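Structural features, examined
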Amino acid sequence: EVQLVESGGGLVQPGGSLRLSCAASGFNLRSHWMNWVRQAPGKGLEWVANIEHDTSETQYVDSVKGRFTISRDNAKNSVYLQMNSLRAEDTAVYYCARVVPGALDSWGQGTLVTVSS
Amino acid sequence: DIVMTQTPLSSPVTLGQPASISCRSSQSLVHSDGNTYLSWLQQRPGQPPRLLMYKISNRFSGVPDRFSGSGAGTDFTLKISRVEAEDVGVYYCMQLTQFPWTFGQGTKVEIK
């Protein structure tokens with residue numbers, strides 16, 4: 001069974017940093033691109049970042065470029081999101097999701113990040 | 001960026017009746033490889049999103065056949081043939097043709 005479990009969320013002050021982790025199990029992580037998607041309280045879904053398999057090519061939404069870094073450690077079956085220079089508007093539930101051709105087919109339960117003083 | 005626009009934003013439906021959600025993209029979703037990477041997701045209250053349809057009309061594993069997807073180019077539709085109580089939630093279209101990947105605003109399906 002495919003499982004994605006996010007961790008690392010919490011309360012952080014504006015300008016601070018946080019590192020999210022996504023532990024993957026039940027499938028070969030190396031074979032899949034992986035994403036982070038976020039959802040602000042009461043709002044819709046916003047795609048954040050993608051990382052490809054082994055080459056680790058990455059793509060980001062403009063609002064996080066230069067501040068967030070997606071990475072992966074296939075040997076540890078994990079994907080990460082390093083978030084720096086956090087802003088109030090980054091407050092959201094962050095979901096880890098697996099990519100298959102044309103879709104995000106598996107999602108974790110999410111981890112809440114709150115940016116507030 | 002490709003903008004995804006869903007209509008309606010809210011859809012009150014009677015149990016057993018059909019529902020339809022439209023999704024329009026600001027540019028064609030046909031990828032250079034010939035595929036159209038338009039998917040639909042359902043988010044029930046308090047739950048993470050769940051994949052329903054991919055590449056316009058392919059139903060994901062375990063999705064009931066009352067759900068169907070259609071469309072081409074820039075205009076797409078998700079239909080529920082007979083709404084059941086478990087279908088309550090917010091539905092999102094998503095394009096994976098061009099980075100940044102983008103979602104529609106979401107359509108809330110509720111029971112009248």
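Basis of the calculations
Residues numbered from 1 in each chain as written. Chains lettered and ligands numbered in written order. Predicted model: local features only at pLDDT ≥ 70, side-chain atom pairs only at ≥ 80, totals over all residues. Heavy atoms only, no water. Phe/Tyr/Trp six-rings, centres within 6.5 Å; stacked < 30°, edge-to-face > 60°. Helix = DSSP H or I, 4+ residues; strand = E, 2+ residues; numbered from the N terminus. Buried < 20%, exposed > 50% of the residue type's maximum accessible area, 1.4 Å probe, protein only. Contact = heavy atoms within 4.5 Å. Buried area = accessible area lost by both parts, 1.4 Å probe. Salt bridge = Lys/Arg side-chain N within 4 Å of Asp/Glu carboxyl O. Polar contact = N/O pair within 3.5 Å; in protein donor to acceptor, adjacent residues only side chain to side chain.

**Some remarks on the packing of aromatic side chains**
Here the structure, examined in full by the defined rule, presents eight aromatic pairs over all chains. Relative to W107 of chain A, the ring of Y95 of chain A lies with its centre 5.9 Å away and its plane at 75°, an arrangement referred to as edge-to-face. Pair noted here: Y95 of chain A is in strand 9 (residues 92–100) and W107 of chain A is in strand 10 (residues 103–107), with a separation of 12 residues, a long-range link. Neither residue differs from the other here; Y95 of chain A and W107 of chain A are each classed as buried. Judged by centre distance (6.5 Å) and plane angle (80°), the rings of Y92 of chain B and F103 of chain B are edge-to-face.

**Focus on the interface of chain B and chain A**
In this assembly, 19 residues from chain B lie in contact with 23 residues from chain A. Taken as a group, F99, W101 and F103 of chain B account for 32% of the area that chain B buries against chain A, more than any other trio of residues on that side. Linking chain B to chain A there are zero salt bridges. Our enumeration of links across chain B and chain A arrives at three residue pairs in polar contact (both at pLDDT 80 or more). Counting only elements with at least two residues in the side of chain B that touches chain A, the list comes to strand 4 (38–43), strand 5 (50–54) and strand 9 (89–95) of chain B.

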